[in-house]
Amino acid sequence: MLIEIDDIDSYAATGGRDHQPDKPWMVFIHGSGFNHLAWMLQTRAMAYDGWNVLAPDLPGHYLSKGEPLAGIEDMAKWLLKAMDAVGCQEAVICAHSMGGLIALELARLKPEAVKAIIFVATANAIPVNKHLLDMAANNEEKAIASMIAWAHGEEAHLHENTWPGSSLIFNGIDIMRLNPTGTLSVDLQSCNDYEDGIERAKKVDCPTLCVFSKLDRMTPLKGGMALAEVLSDNETMLLDDCGHSIPSERPRELNAAIRNFLATKVSK
């Protein structure tokens, strides 16, 4: 669906279902250099489970117009505007990688709008290697290929996955290429500049679920566990044999974990 935010057209996926006033909301936040397509195996599942789904492309990403936003706080403020634009007053936030940092800022800026948070392959901080920052600024195609390689586990590199006849590696590259040139650099710099994760996490007072991979090379498990350990009402699930791209590498496991969390910790 198209929504207008600050007089600029933005796009958000709905999981193939129209929003209904009597249904609860789930908002999906993508990571650096990605867009709503990173969540395609979750948004449709949750929409058909009876949730109003909102999975926006952040500004300057794929189908959303405007310039990419510099800074995690500004991304969170924009997301609150997107929620307001569709009449979403309260939502379960499902956030991957950079999205996890945005979720922490959402909970700080408007805690009453955040019913619960599902943190996927993220951490309390996401410092970015200087060489990758330089690569994203000066050789984006190489940066994309490098990030996709690092973000996937061994099975994905062997092109063995849950999508018959497809390759998660090639699919990931194609998704990132859909964004305008320069977007990836802004996202990575925003992650690198964010330093308030632990303090923000200590003040989150809603139920949370953390789903991490032991082999994540983009947001290593150490940072994820540092986040999980300070969340006051948290469940943590650790996955083996996959990388950073949990939503596409382990969709069945992730969807099952989300459904169990919603059933036991979140009332509709």
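Residues numbered from 1 in each chain as written. Predicted model: local features only at pLDDT ≥ 70, side-chain atom pairs only at ≥ 80, totals over all residues. Heavy atoms only, no water.

Trainee: Quick rundown of the overall build of the chain? Include the residues and the values.
Mentor: When helices and strands are counted, the chain shows twelve helices and eight strands. Computed over the C-alpha atoms, the radius of gyration of the chain is 17 Å, within 12% of the 18 Å expected from 2.2 N^0.38 for a compact globule of 268 residues. Here the chain, with 268 residues, has 55% of them falling under the buried criterion. Within the chain, residue pairs in contact and separated by at least 24 positions form 77% of the contacts whose partners lie at least 6 positions apart. As displayed, the chain offers around 11500 Å² of accessible surface, 50% of which is attributable to carbon and sulfur atoms. Once the 23 positive and 36 negative side-chain charges of the chain are each reduced to a mean point, those two points are 3 Å apart. (Helix = DSSP H or I, 4+ residues; strand = E, 2+ residues; numbered from the N terminus. Rg over C-alpha atoms; globule rule 2.2 N^0.38 Å. Buried < 20%, exposed > 50% of the residue type's maximum accessible area, 1.4 Å probe, protein only. Contact = heavy atoms within 4.5 Å. Areas by Shrake-Rupley, 256 points an atom, 1.4 Å probe, with all protein chains shown as cover. Lys, Arg positive; Asp, Glu negative; His and termini not counted. Charge placed at Lys NZ, Arg CZ, Asp CG, Glu CD.)

Trainee: Can you break down the pattern of salt bridges residue by residue, with the values?
Mentor: Side chains that differ in sign of charge can pair as their charged atoms come close. The final tally for this structure, using the stated rule, is 16 salt bridges. Between D84 and K110 there is a salt bridge; the shortest N-O distance is 3.9 Å. In this pair, D84 is assigned in helix α2 (residues 72–85) and K110 in the loop between α3 (98–109) and β6 (114–120), connecting sequence segments 26 residues apart. By relative accessible area, which is 43% here, D84 ends up partly exposed. Residues K265 and D233 are paired through a salt bridge, measuring 3.0 Å at the closest nitrogen-oxygen approach. Of this pair, K265 sits in helix α12 (residues 251–265) while D233 sits in the loop between α10 (221–230) and β8 (234–239), placing them 32 residues apart in sequence. According to the relative accessible area criterion, K265 is partly exposed, its value standing at 31%. Connected via shared salt-bridge partners are E73, K77, E105, R108, D196 and R200. (Salt bridge = Lys/Arg side-chain N within 4 Å of Asp/Glu carboxyl O.)

Trainee: For the packing of aromatic side chains, give the residues involved together with the corresponding values.
Mentor: One pass over the full model with this rule turns up one aromatic pair. In this structure, R17 packs its charged tip against the face of Y48, placed 3.9 Å from the ring centre. (Phe/Tyr/Trp six-rings, centres within 6.5 Å; stacked < 30°, edge-to-face > 60°. Lys NZ or Arg CZ within 6 Å of the ring centre and 35° of its normal.)

Trainee: Let's hear about the sheet that holds strand β3 (residues 25–29): which residues, and what values?
Mentor: Hydrogen bonds between backbone groups are what pair the strands of a sheet, and the pairing can be parallel or antiparallel. Taken in spatial order, the eight strands make up an open sheet running β1-β2-β4-β3-β5-β6-β7-β8, and their pairing is mixed. Looking at the sheet topology across the chains shown, the edges are occupied by β1 (2–5) and β8. Within this sheet the neighbouring strands show an average axis-to-axis angle of 25°, counted without direction. Packed onto the sheet, α3 meets β3, β5 (91–96) and β6 and runs at close to 145° relative to β5. Helix-sheet contacts for α10 involve β6, β7 (208–213) and β8, and the interaxial angle to β7 is about 170°. (Pairing = 2+ DSSP bridges. Axes fitted to C-alpha atoms, helices over the stretch in contact; angles between N-to-C directions.)

Trainee: I'd love a proper account of the packing of helix α5 (residues 140–151) against helix α7 (residues 168–177), names of residues and values included.
Mentor: Orientation of α5 relative to α7, taken along the N-to-C sense of each, is 140°, at an axis distance of 9 Å. Relative to α7, the element α5 lies oblique. Considering the relative orientation of α5 and α7, their crossing is right-handed. Counted together, E141, I144, M147 and I148 of α5 and I169, G172, I173, M176 and R177 of α7 form the full contact between these two elements. Of the residues in the contact of α5 with α7, the class split is six nonpolar, one polar and two charged. (Parallel < 35°, antiparallel > 145°, perpendicular 65-115°, else oblique. Left-handed = near helix turned anticlockwise from the far one by under 90°. Nonpolar A, V, L, I, M, F, W, Y, C, P; charged D, E, K, R; others polar.)

Trainee: An account of helix α8 (residues 183–193) is needed here, citing residue identities and associated values.
Mentor: When α8 is considered as a whole, its buried residues turn out to be T183, L184, S185, D187, L188, S190 and C191. In this fold, the buried residues of α8 make contact with α2, α3, α4 (130–138), α5 and α7.

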